[in-house]
Amino acid sequence: VATIRQYRFLYRNLLSLFAPIAIAIQVSAQVLPNTLEKLDDGVLFHVGGHLLKLEVCASNIIRVSYAKDPAFFARKTLAAGARQDVRTRWLLKTEDGESILVTDRLQAHVDLASGAVSFFDTAGRPILAEDKQGRSMEPAIVQGDITFHVRQQWKPNLNEALFGLGQQQLGLMN
């Protein structure tokens, strides 16, 4: 009977010693949320269980893509012809809760908390800014195919007029 008690005591003490180590190994093996990875052609952000990739194609072109599965980024797009990427120098800096990807002609800011992307010219004037809560991907089944419903919202610039999609184009109603 004393032997069984000794084994139980030893088992409990070993378990209490090794459990924190096992948990630490599991946590370090996982990518922490809202982190980033610098790549050869851009940056990959882990935001809210999804991946946001900024890919530098040229000094004035940064491709933004967002997915849940990392395999998505290896797929070729059917929406455009063959890409003519130019090897472009760029740098990444992180300050005040955002990462800034800078080329000779463009800056892309990513809010590390929300993943919202904003573009600025070299003088710091805004070109385009995504709303902080303006992106969503909801799983869906459409005609039997597993896919996503995707939504994205951008903030309008001051004095900006958007035309098309049936709007009045005479400039009188905007």
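Thresholds, definitions, all that
- Residues numbered from 1 in each chain as written.
- Predicted model: local features only at pLDDT ≥ 70, side-chain atom pairs only at ≥ 80, totals over all residues.
- Heavy atoms only, no water.
- Helix = DSSP H or I, 4+ residues; strand = E, 2+ residues; numbered from the N terminus.
- Buried < 20%, exposed > 50% of the residue type's maximum accessible area, 1.4 Å probe, protein only.
- Contact = heavy atoms within 4.5 Å.
- Areas by Shrake-Rupley, 256 points an atom, 1.4 Å probe, with all protein chains shown as cover.
- Pairing = 2+ DSSP bridges.

Engineer: Kindly report on the overall build of the protein chain, identifying the contributing residues and their values.
Structural biologist: Check the secondary structure of the protein chain and you find one helix and 10 strands. Its helices and strands taken in sequence order, the protein chain reads α-β-β-β-β-β-β-β-β-β-β from the N to the C terminus. In the protein chain, buried positions account for 28% of the 174 residues. Taking contacts inside the protein chain between residues at least 6 apart in sequence as the whole, the part at least 24 apart equals 29%. Here the protein chain has roughly 13,100 Å² of accessible surface; of this, 57% comes from carbon and sulfur atoms.

Engineer: With reference to specific residues and values, describe the pairing of strand E1 (residues 35-38).
Structural biologist: Looking at chain direction, E1 and strand E2 (residues 42-47) are connected through four bridges and run antiparallel. When the bridges of E2 are listed, Glu37 appears paired with Leu44. Linking E1 to E2, which pair antiparallel, is a turn of three residues.

Engineer: Tell me about unusual backbone geometry, residues and numbers included.
Structural biologist: A positive phi angle is found at Asp96, which is not glycine, with a value near 50°. Here Asp96 lies in the loop between strand E5 (91-95) and strand E6 (98-102).

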